[in-house]
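Structure assessment
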Amino acid sequence: MRLSIKYYLLVGPAALMTAVLFLYPLAFSLISAFTTDSQRFTFANFRKMAELYSTDILFTVLIVMVSVALLACLSILLSALIVLSPYRGIVRWLAFLYRLPLFIPFIVAAQMMRTFLAKNGLMNNALVATGLLTPMDTVSWLGWTGIIITFVWKQLAFATLLISGAMAALDQSQILAAKNLGASGVRILFDIILPQVLPTVGVALVLSTVTMMSVLSVPMMIGTGTPTMMTVDMAFRVNSYGDYGVANAMGIVSYLICAGLSWFYLRHSLRQKGAQA
(Lines give C-alpha, C1' and ligand atoms only; values in the text may rest on other atoms or scores of the structure.)
Protein backbone atom coordinates (compact mmCIF):
# COMPACT_ATOMS: atom_id res chain seq x y z
CA MET A 1 0.00 0.00 0.00
CA ARG A 2 2.78 2.40 0.92
CA LEU A 3 4.57 1.52 -2.30
CA SER A 4 1.42 2.33 -4.31
CA ILE A 5 1.09 5.69 -2.57
CA LYS A 6 4.70 6.48 -3.42
CA TYR A 7 4.07 5.64 -7.07
CA TYR A 8 1.00 7.89 -7.13
CA LEU A 9 2.92 10.73 -5.52
CA LEU A 10 5.71 10.29 -8.03
CA VAL A 11 3.46 10.18 -11.11
CA GLY A 12 0.78 12.57 -9.80
CA PRO A 13 2.46 15.94 -10.51
CA ALA A 14 3.37 14.96 -14.08
CA ALA A 15 -0.13 13.57 -14.73
CA LEU A 16 -1.73 16.72 -13.30
CA MET A 17 0.42 18.98 -15.48
CA THR A 18 -0.45 16.88 -18.54
CA ALA A 19 -4.16 17.08 -17.76
CA VAL A 20 -4.14 20.84 -17.10
CA LEU A 21 -1.80 21.97 -19.87
CA PHE A 22 -2.67 19.46 -22.61
CA LEU A 23 -5.80 17.36 -22.10
CA TYR A 24 -8.06 20.23 -20.93
CA PRO A 25 -7.07 22.60 -23.80
CA LEU A 26 -7.46 19.73 -26.27
CA ALA A 27 -10.93 18.87 -24.99
CA PHE A 28 -11.94 22.55 -24.99
CA SER A 29 -10.77 23.04 -28.57
CA LEU A 30 -12.58 19.90 -29.77
CA ILE A 31 -15.84 20.89 -28.10
CA SER A 32 -15.78 24.57 -29.12
CA ALA A 33 -14.95 23.70 -32.76
CA PHE A 34 -18.17 21.66 -33.10
CA THR A 35 -20.53 23.76 -30.97
CA THR A 36 -22.17 27.19 -31.10
CA ASP A 37 -22.32 29.71 -28.27
CA SER A 38 -25.50 27.98 -27.10
CA GLN A 39 -23.64 24.64 -26.98
CA ARG A 40 -25.43 23.18 -29.99
CA PHE A 41 -23.65 20.83 -32.37
CA THR A 42 -22.71 22.48 -35.68
CA PHE A 43 -20.29 22.43 -38.61
CA ALA A 44 -20.62 26.17 -39.14
CA ASN A 45 -17.14 26.86 -37.80
CA PHE A 46 -15.60 24.52 -40.37
CA ARG A 47 -17.68 26.01 -43.20
CA LYS A 48 -16.58 29.50 -42.21
CA MET A 49 -12.98 28.34 -41.98
CA ALA A 50 -13.16 26.82 -45.47
CA GLU A 51 -14.66 30.01 -46.92
CA LEU A 52 -12.14 32.38 -45.36
CA TYR A 53 -8.93 30.42 -44.91
CA SER A 54 -8.77 27.54 -47.41
CA THR A 55 -5.97 29.32 -49.30
CA ASP A 56 -4.02 29.82 -46.08
CA ILE A 57 -4.41 26.15 -45.17
CA LEU A 58 -3.01 25.11 -48.56
CA PHE A 59 -0.23 27.67 -48.17
CA THR A 60 0.65 26.24 -44.75
CA VAL A 61 0.82 22.69 -46.09
CA LEU A 62 3.02 23.73 -49.02
CA ILE A 63 5.38 25.75 -46.81
CA VAL A 64 5.78 22.86 -44.37
CA MET A 65 6.25 20.26 -47.12
CA VAL A 66 8.94 22.30 -48.89
CA SER A 67 10.66 23.06 -45.57
CA VAL A 68 10.65 19.41 -44.53
CA ALA A 69 12.01 18.29 -47.92
CA LEU A 70 14.88 20.79 -47.75
CA LEU A 71 15.47 19.92 -44.10
CA ALA A 72 15.75 16.21 -44.93
CA CYS A 73 18.29 16.81 -47.70
CA LEU A 74 20.44 19.23 -45.72
CA SER A 75 20.38 17.32 -42.42
CA ILE A 76 21.29 14.01 -44.10
CA LEU A 77 24.08 15.70 -46.08
CA LEU A 78 25.45 17.47 -43.00
CA SER A 79 25.24 14.31 -40.89
CA ALA A 80 27.09 12.34 -43.58
CA LEU A 81 29.84 14.95 -43.71
CA ILE A 82 30.23 14.85 -39.94
CA VAL A 83 30.33 11.04 -39.78
CA LEU A 84 32.26 10.18 -42.96
CA SER A 85 34.61 13.11 -43.47
CA PRO A 86 38.28 12.28 -42.78
CA TYR A 87 39.03 15.94 -42.05
CA ARG A 88 38.51 16.22 -38.32
CA GLY A 89 39.03 19.98 -38.30
CA ILE A 90 36.12 20.50 -40.67
CA VAL A 91 34.02 18.07 -38.67
CA ARG A 92 34.65 19.95 -35.43
CA TRP A 93 33.81 23.25 -37.13
CA LEU A 94 30.58 21.85 -38.55
CA ALA A 95 29.68 20.20 -35.25
CA PHE A 96 29.97 23.58 -33.52
CA LEU A 97 28.25 25.57 -36.24
CA TYR A 98 25.18 23.42 -36.82
CA ARG A 99 24.32 23.34 -33.10
CA LEU A 100 23.90 27.11 -32.77
CA PRO A 101 20.21 27.30 -33.84
CA LEU A 102 19.34 24.66 -31.25
CA PHE A 103 19.63 27.20 -28.43
CA ILE A 104 17.87 30.11 -30.17
CA PRO A 105 14.09 30.51 -29.62
CA PHE A 106 11.88 30.83 -32.69
CA ILE A 107 10.95 34.43 -31.89
CA VAL A 108 14.63 35.40 -31.74
CA ALA A 109 15.34 33.48 -34.96
CA ALA A 110 12.44 35.28 -36.66
CA GLN A 111 13.75 38.70 -35.61
CA MET A 112 17.26 37.79 -36.75
CA MET A 113 16.03 36.62 -40.15
CA ARG A 114 13.82 39.69 -40.50
CA THR A 115 16.86 41.95 -40.28
CA PHE A 116 19.06 39.56 -42.27
CA LEU A 117 16.75 38.90 -45.25
CA ALA A 118 15.19 42.35 -45.70
CA LYS A 119 15.92 44.44 -48.79
CA ASN A 120 18.24 46.62 -46.73
CA GLY A 121 19.21 43.79 -44.42
CA LEU A 122 22.57 42.38 -43.47
CA MET A 123 22.76 39.87 -46.34
CA ASN A 124 22.10 42.40 -49.10
CA ASN A 125 24.36 45.00 -47.49
CA ALA A 126 27.17 42.44 -47.37
CA LEU A 127 26.65 41.56 -51.05
CA VAL A 128 26.64 45.25 -51.99
CA ALA A 129 29.80 45.85 -49.95
CA THR A 130 31.61 43.04 -51.78
CA GLY A 131 30.50 44.38 -55.17
CA LEU A 132 28.42 41.34 -56.12
CA LEU A 133 25.24 43.43 -56.19
CA THR A 134 24.30 47.07 -56.54
CA PRO A 135 21.70 48.67 -54.23
CA MET A 136 19.20 48.65 -57.11
CA ASP A 137 19.65 44.89 -57.62
CA THR A 138 18.84 43.89 -54.06
CA VAL A 139 15.52 42.18 -53.35
CA SER A 140 13.70 41.30 -50.17
CA TRP A 141 13.66 37.65 -49.14
CA LEU A 142 10.86 38.23 -46.67
CA GLY A 143 7.66 36.34 -47.35
CA TRP A 144 7.27 32.65 -48.12
CA THR A 145 10.97 32.26 -49.00
CA GLY A 146 12.01 33.82 -45.71
CA ILE A 147 9.64 31.57 -43.76
CA ILE A 148 11.11 28.47 -45.40
CA ILE A 149 14.69 29.65 -44.82
CA THR A 150 13.95 30.34 -41.14
CA PHE A 151 12.20 27.00 -40.58
CA VAL A 152 14.99 25.03 -42.23
CA TRP A 153 17.77 26.93 -40.46
CA LYS A 154 16.10 26.64 -37.06
CA GLN A 155 15.25 22.93 -37.31
CA LEU A 156 18.50 21.91 -39.00
CA ALA A 157 20.33 21.58 -35.70
CA PHE A 158 17.66 19.36 -34.17
CA ALA A 159 17.38 17.06 -37.19
CA THR A 160 21.14 16.84 -37.72
CA LEU A 161 21.73 16.02 -34.06
CA LEU A 162 19.34 13.06 -34.23
CA ILE A 163 20.48 11.77 -37.61
CA SER A 164 24.22 12.17 -37.07
CA GLY A 165 23.87 10.43 -33.70
CA ALA A 166 22.11 7.50 -35.38
CA MET A 167 24.79 7.37 -38.08
CA ALA A 168 27.60 7.44 -35.53
CA ALA A 169 25.97 4.57 -33.59
CA LEU A 170 26.07 2.21 -36.58
CA ASP A 171 28.50 -0.68 -36.75
CA GLN A 172 31.60 0.91 -38.23
CA SER A 173 32.85 -2.40 -39.59
CA GLN A 174 30.28 -2.19 -42.39
CA ILE A 175 31.51 1.25 -43.44
CA LEU A 176 35.17 0.16 -43.23
CA ALA A 177 34.44 -2.96 -45.30
CA ALA A 178 32.70 -0.86 -47.95
CA LYS A 179 35.65 1.54 -48.08
CA ASN A 180 38.09 -1.37 -48.42
CA LEU A 181 36.06 -2.65 -51.36
CA GLY A 182 36.37 0.75 -53.06
CA ALA A 183 32.87 2.12 -52.42
CA SER A 184 32.57 5.88 -52.69
CA GLY A 185 31.20 8.02 -49.88
CA VAL A 186 27.97 8.63 -51.79
CA ARG A 187 27.39 4.90 -52.26
CA ILE A 188 28.19 4.18 -48.62
CA LEU A 189 25.67 6.83 -47.59
CA PHE A 190 22.79 5.65 -49.79
CA ASP A 191 23.39 1.88 -49.75
CA ILE A 192 24.62 1.24 -46.21
CA ILE A 193 24.02 4.14 -43.83
CA LEU A 194 20.75 5.72 -44.94
CA PRO A 195 18.62 2.52 -44.99
CA GLN A 196 19.61 1.86 -41.37
CA VAL A 197 18.87 5.38 -40.08
CA LEU A 198 15.59 5.94 -41.94
CA PRO A 199 13.52 5.48 -38.73
CA THR A 200 15.51 8.25 -37.05
CA VAL A 201 15.14 10.45 -40.13
CA GLY A 202 11.38 9.87 -39.98
CA VAL A 203 11.23 10.82 -36.30
CA ALA A 204 13.23 14.01 -36.92
CA LEU A 205 11.00 15.05 -39.83
CA VAL A 206 7.72 14.26 -38.05
CA LEU A 207 8.75 16.23 -34.96
CA SER A 208 9.98 19.10 -37.14
CA THR A 209 6.65 19.15 -39.01
CA VAL A 210 4.71 19.41 -35.76
CA THR A 211 6.99 22.24 -34.64
CA MET A 212 6.61 24.18 -37.90
CA MET A 213 2.83 23.79 -37.81
CA SER A 214 2.67 25.31 -34.34
CA VAL A 215 5.02 28.29 -34.69
CA LEU A 216 3.40 31.75 -34.67
CA SER A 217 6.33 34.16 -34.52
CA VAL A 218 8.01 33.19 -37.81
CA PRO A 219 5.06 33.67 -40.22
CA MET A 220 3.87 36.72 -38.29
CA MET A 221 7.24 38.51 -38.33
CA ILE A 222 8.58 37.36 -41.71
CA GLY A 223 5.37 36.98 -43.69
CA THR A 224 4.32 39.86 -45.92
CA GLY A 225 0.53 39.63 -45.87
CA THR A 226 -1.71 37.09 -47.54
CA PRO A 227 -1.60 34.20 -47.91
CA THR A 228 -0.25 33.43 -44.48
CA MET A 229 0.02 30.41 -42.22
CA MET A 230 -2.75 28.96 -40.10
CA THR A 231 -1.20 29.98 -36.78
CA VAL A 232 -1.48 33.65 -37.76
CA ASP A 233 -5.12 33.15 -38.74
CA MET A 234 -5.89 31.43 -35.44
CA ALA A 235 -4.29 34.23 -33.45
CA PHE A 236 -6.20 36.80 -35.52
CA ARG A 237 -9.57 35.12 -34.94
CA VAL A 238 -9.00 34.97 -31.19
CA ASN A 239 -7.41 38.39 -30.65
CA SER A 240 -9.59 40.38 -33.04
CA TYR A 241 -12.97 38.67 -32.79
CA GLY A 242 -12.77 36.35 -29.80
CA ASP A 243 -13.86 33.63 -32.22
CA TYR A 244 -12.56 30.48 -30.57
CA GLY A 245 -14.81 28.27 -32.68
CA VAL A 246 -13.19 29.02 -36.06
CA ALA A 247 -9.73 29.21 -34.46
CA ASN A 248 -10.17 25.77 -32.91
CA ALA A 249 -11.57 24.41 -36.18
CA MET A 250 -8.27 25.38 -37.82
CA GLY A 251 -6.48 23.83 -34.86
CA ILE A 252 -8.27 20.53 -35.51
CA VAL A 253 -7.24 20.69 -39.17
CA SER A 254 -3.62 21.12 -38.07
CA TYR A 255 -4.05 18.19 -35.66
CA LEU A 256 -5.31 16.03 -38.51
CA ILE A 257 -2.41 17.03 -40.78
CA CYS A 258 0.15 16.13 -38.12
CA ALA A 259 -1.75 12.97 -37.16
CA GLY A 260 -1.90 11.87 -40.81
CA LEU A 261 1.83 12.33 -41.21
CA SER A 262 2.50 10.45 -37.96
CA TRP A 263 0.18 7.63 -39.03
CA PHE A 264 1.94 7.34 -42.39
CA TYR A 265 5.34 7.20 -40.69
CA LEU A 266 4.25 4.65 -38.09
CA ARG A 267 2.60 2.45 -40.71
CA HIS A 268 5.70 2.52 -42.89
CA SER A 269 7.96 1.86 -39.89
CA LEU A 270 5.88 -1.08 -38.65
CA ARG A 271 5.71 -2.52 -42.16
CA GLN A 272 9.51 -2.38 -42.39
CA LYS A 273 9.90 -4.08 -39.01
CA GLY A 274 7.43 -6.78 -40.05
CA ALA A 275 9.34 -7.40 -43.27
CA GLN A 276 12.61 -7.67 -41.36
CA ALA A 277 11.06 -10.09 -38.86
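This text follows the structure it describes.
The notes below deal with the structure included here. (Residues numbered from 1 in each chain as written. Predicted model: local features only at pLDDT ≥ 70, side-chain atom pairs only at ≥ 80, totals over all residues. Heavy atoms only, no water.)

1. Quick word on the nonpolar core
As a rule of thumb, nonpolar side chains are buried together in soluble globular proteins. One finds Met49, Phe151, Ile193, Val197 and Val218 to be the most contacted residues of the largest nonpolar core, which totals 61 residues. Here this core gets 15 residues from one element, more than from any other, and that element is helix H2 (residues 44-84). When residues no more than four places from it in sequence are discounted, the contact partners of Ile193 are Leu84, Met167, Leu170, Ile175 and Ile188. (Core = buried A, V, L, I, M, F, W, Y, C linked by side-chain atoms within 4.5 Å. Buried < 20%, exposed > 50% of the residue type's maximum accessible area, 1.4 Å probe, protein only. Helix = DSSP H or I, 4+ residues; strand = E, 2+ residues; numbered from the N terminus. Contact = heavy atoms within 4.5 Å.)

2. Looking at the side chain of Thr42
Secondary-structure assignment places Thr42 in the loop between helix H1 (2-33) and H2. Contact partners of Thr42, with chain neighbours within four places excluded, come to Ala33, Phe34, Thr35, Thr36 and Arg47.

3. Describing H2
Across its 41 residues, H2 extends 55 Å between first and last C-alpha, which sits within 8% of the 60 Å expected from 1.5 Å per residue. Its maximal kink placed at Tyr53, H2 deviates by approximately 75 degrees. (Expected span 1.5 Å × (residues − 1). Bend = angle between axes of the 7 residues up to and from the residue.)

4. Describing a nonpolar patch on the surface
Together, Leu16, Met17, Val20 and Leu21 give the surface a local cluster of nonpolar side chains, amounting to about 420 Å² of exposed area. Residue position: Val20 is located in helix H1. Judged by its relative accessible area of 46%, Val20 falls in the partly exposed class. (Patch = residues over 30% accessible without salt bridge, like charges linked within 9 Å, V, L, I, M, F, W, Y side chains within 5 Å. Areas by Shrake-Rupley, 256 points an atom, 1.4 Å probe, with all protein chains shown as cover. Salt bridge = Lys/Arg side-chain N within 4 Å of Asp/Glu carboxyl O.)

5. Some thoughts on the pattern of salt bridges
Counted by the stated rule, this structure contains three salt bridges. A salt bridge links Asp243 to Lys48; the nearest nitrogen and oxygen atoms lie 3.8 Å apart. Of this pair, Asp243 sits in the loop between helix H10 (230-241) and helix H11 (244-276) while Lys48 sits in helix H2, placing them 195 residues apart in sequence. Among the residues examined, Lys48 registers a relative accessible area of 35% and is labelled partly exposed. Arg237 is the salt-bridge partner of Asp243, the closest N and O atoms lying 2.8 Å from each other. Take Asp243: its relative accessible area is 14%, and that puts it in the buried class.

6. Structural notes on the packing of aromatic side chains
Taken as a whole and judged by the stated rule, the model has eight aromatic pairs. For the ring pair Phe28 and Tyr244, a centre distance of 6.2 Å and an interplane angle of 75 degrees mean the geometry is edge-to-face. Pair noted here: Phe28 is in helix H1 and Tyr244 is in helix H11, with a separation of 216 residues, a long-range link. For Phe28, a relative accessible area of 40% translates into the label partly exposed. For Lys154, the ring lying beneath its charged end belongs to Phe106, and the centroid distance is 4.9 Å. (Phe/Tyr/Trp six-rings, centres within 6.5 Å; stacked < 30°, edge-to-face > 60°. Lys NZ or Arg CZ within 6 Å of the ring centre and 35° of its normal.)

7. Quick look at the packing of H2 against helix H8 (residues 185-214)
Packing of H2 against H8 leaves a shortest axis separation of 9 Å and a crossing angle of 140 degrees. As far as their axial angle goes, H8 and H2 are oblique. Between H2 and H8 lies a crossing whose hand is right-handed. From H2, Thr60, Val64, Ser67, Val68, Leu71, Ala72, Ile76, Ala80 and Leu84 reach across to H8, where they touch Gly185, Ile188, Leu189, Ile193, Leu194, Val201, Leu205, Ser208, Thr209, Met212 and Met213. Looking at the contact of H2 with H8 residue by residue, the classes come out as 15 nonpolar, five polar and no charged. (Axes fitted to C-alpha atoms, helices over the stretch in contact; angles between N-to-C directions. Parallel < 35°, antiparallel > 145°, perpendicular 65-115°, else oblique. Left-handed = near helix turned anticlockwise from the far one by under 90°. Nonpolar A, V, L, I, M, F, W, Y, C, P; charged D, E, K, R; others polar.)

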